[in-house]
Amino acid sequence: MIYRMVFMALLLLPGAAFAAQKPNDAQIAHIAYTAGAIDITAAKQALTKATNPDVKAFAEEMVRDHQAVNDKALALVKKLHVTPQDNPTSRALSKAAAAKLASLDKLSGAAYDRAYVDNEVAYHKTVNGALRDTLIPDAHNAELKSLLKTGLQLFEAHQAHAEHLAATLAK
Amino acid sequence: MKIRLAVAMLLLALAVPADANAAHYVIEIKHMAFGPAPTHLMVGDTIEWKNLDIFRHTATARTGEFNVDLLPGTKAEVTLAKPGTINVYCRFHPTMTVRLDVASP
């Protein structure tokens, strides 16, 4: 829920007198990279705390896949001579993620597994919406747009996997 | 003499490779999806799984017949040894699936 609020904030940046301020490519790259890095951090916590082997396998997938996208993103911004620009959305995302990490840290066993996976479902849903509705349409550079689309395909597959996993854990 | 000829012909027949008519297909993996299954697959045909994604994938048969791990940019070949339906999925991304229908020769 908090992630959705963060992305809504994108549309309500203070000082925007008229239409919502669109993020520029440097900010979009920063947001996308941050979103991936957040999932990697969450997964690393899961690798130490999760007990269900399917949850651990999912966490390994998060680390592996998001690292692949972020490596490509880093290579792309280097090639384009773009410096990813920190921005309120990235900061808010990171802050929310840190809070979630802390609350998950208090859990253990099956309760942790369920909470981690439930959060992954919510997180991926929100990021997918942001990619679809804001980050991809607003991106100018064609290669960045293409990489974001790859990211969306990945996030959608992850969301499906997380939902399937959540259903098995709910039993 | 006739027996020797018969034996020689038998050996010759056995020496002809059984998969002389085997077809070779390529299934590409990209955009988090398997490419379409080839039609008219037959026992003895080979499938080359080619991972064009930036993500690691697997091509794993639920029947247990094959399980290939494909790092980004790599490929691996499997030979279809048995007839029937093979449901293939990626172990890392289980929503990625493709179905192979293999006919008897």
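This one's a predicted model, so the numbers in the text were calculated from it and none came from an experiment.

Calculation notes
Residues numbered from 1 in each chain as written. Chains lettered and ligands numbered in written order. Predicted model: local features only at pLDDT ≥ 70, side-chain atom pairs only at ≥ 80, totals over all residues. Heavy atoms only, no water. Helix = DSSP H or I, 4+ residues; strand = E, 2+ residues; numbered from the N terminus. Rg over C-alpha atoms; globule rule 2.2 N^0.38 Å. Contact = heavy atoms within 4.5 Å. Areas by Shrake-Rupley, 256 points an atom, 1.4 Å probe, with all protein chains shown as cover. Lys, Arg positive; Asp, Glu negative; His and termini not counted. Charge placed at Lys NZ, Arg CZ, Asp CG, Glu CD. Buried < 20%, exposed > 50% of the residue type's maximum accessible area, 1.4 Å probe, protein only. pLDDT = per-residue confidence, 0-100. Core = buried A, V, L, I, M, F, W, Y, C linked by side-chain atoms within 4.5 Å. Pairing = 2+ DSSP bridges. Salt bridge = Lys/Arg side-chain N within 4 Å of Asp/Glu carboxyl O.

Engineer: Got a sec to walk through the overall build of chain A? Specific residues and values, please.
Structural biologist: Secondary structure assignment for chain A yields 6 helices and 0 strands. Computed over C-alpha atoms, the radius of gyration of chain A comes to 16 Å, within 12% of the 16 Å expected from 2.2 N^0.38 for 171 residues, which places it in the range of a compact globule. Its C-alpha atoms put chain A at 45 × 35 × 20 Å along the principal axes. By sequence separation, contacts in chain A at least 24 residues apart represent 82% of the contacts at least 6 residues apart. Just so you have it, chain A exposes about 8600 Å², and 60% of that area is on carbon and sulfur atoms. Across chain A, the mean location of the 19 positive side-chain charges is 3 Å away from that of the 17 negative side-chain charges.

Engineer: Quick rundown of the overall build of chain B? Include the residues and the values.
Structural biologist: Secondary structure summary: chain B contains 1 helix and 9 strands in total. What you see in chain B, going N to C, is helices and strands ordered as α-β-β-β-β-β-β-β-β-β. Buried residues in chain B amount to 35% of all 105 residues. Here the analysis covers contacts within chain B between residues at least 6 apart in sequence; of these, 46% occur between residues at least 24 apart. Taken as a whole, chain B presents about 6400 Å² of accessible surface, with 60% of it coming from carbon and sulfur.

Engineer: Tell me about the confidence of the model for chain A, and name the residues and values.
Structural biologist: Residues and elements named next belong to chain A. Averaged over every residue, the pLDDT of chain A is 91; residues scoring 70 or more account for 92%. Element-level mean pLDDT values for chain A span from 68 in helix α1 (residues 2-11) up to 97 in helix α2 (residues 25-49). When the criterion is pLDDT under 50, residues 12-19 qualifies, and its contacts beyond four places in sequence or with other chains add up to 3 contacts.

Engineer: For the nonpolar core, give the residues involved together with the corresponding values.
Structural biologist: Within the largest apolar cluster, 28 residues are counted, with the highest numbers of intra-cluster contacts made by F34, W49, F66, V88 and L100 of chain B. Elements represented by at least two residues in this core include exactly α3 (53-79) and α6 (142-169) of chain A together with β1 (24-30), β4 (46-51), β5 (57-61), β6 (67-70), β8 (84-89) and β9 (97-103) of chain B. If you look at the next biggest cluster of nonpolar residues, it comprises 26 residues, including V6, L93, A97 and L131 of chain A.

Engineer: Explain the pairing of β1 of chain B residue by residue, including any values.
Structural biologist: Residue and element names in this part refer to chain B. Pairing of β1 with β4, which is carried by 6 bridges, proceeds in the parallel orientation. When the bridges of β4 are listed, E28 appears paired with K50. Where β1 meets strand β2 (residues 33-34), 2 bridges bridge the pair, whose relative direction is antiparallel. Bridged to I29 within β2 is F34. Linking two consecutive strands that pair antiparallel, namely β1 and β2, is a turn of 2 residues; a positive phi of about 55 degrees is found at H31 within it.

Engineer: For the pattern of salt bridges, give the residues involved together with the corresponding values.
Structural biologist: The tally for this structure, following the rule as stated, stands at 8 salt bridges over all chains. Across the pair K22 of chain A and D138 of chain A runs a salt bridge, and its minimum N-O distance is 3.4 Å. Taken together, the residues K22 of chain A in the loop between α1 and α2 and D138 of chain A in helix α5 (residues 109-138) connect sequence positions 116 residues apart. Taking the relative accessible area as the measure of exposure, D138 of chain A reaches 12% and is therefore buried. With its nearest N and O atoms 3.0 Å apart, the salt bridge here joins D101 of chain B to R99 of chain B. Residue D101 of chain B is classed as partly exposed on the basis of its relative accessible area, which comes to 37%.

Engineer: Any chance you could break down the sheet that holds β6 of chain B for me, citing the residues and the numbers?
Structural biologist: Residues and elements named next belong to chain B. Read across the open sheet, the 5 strands follow the order β3-β9-β8-β5-β6; overall the sheet is mixed. Both edges of this open sheet fall to β3 (41-42) and β6, since each of them pairs with a single strand only. As paired strands, β8 and β9 are joined by 6 bridges and run antiparallel to one another. The partner of N87 across the bridge, within β9, is R99.

Engineer: Please set out unusual backbone geometry residue by residue, giving values where relevant.
Structural biologist: Residues and elements named next belong to chain B. The backbone of H31 sits at a positive phi, close to 55 degrees, despite the residue not being glycine. Secondary-structure assignment places H31 in the loop between β1 and β2. Even without being a glycine, H40 presents a positive backbone phi close to 60 degrees. As for its placement among the helices and strands, H40 is situated in the loop between β2 and β3.

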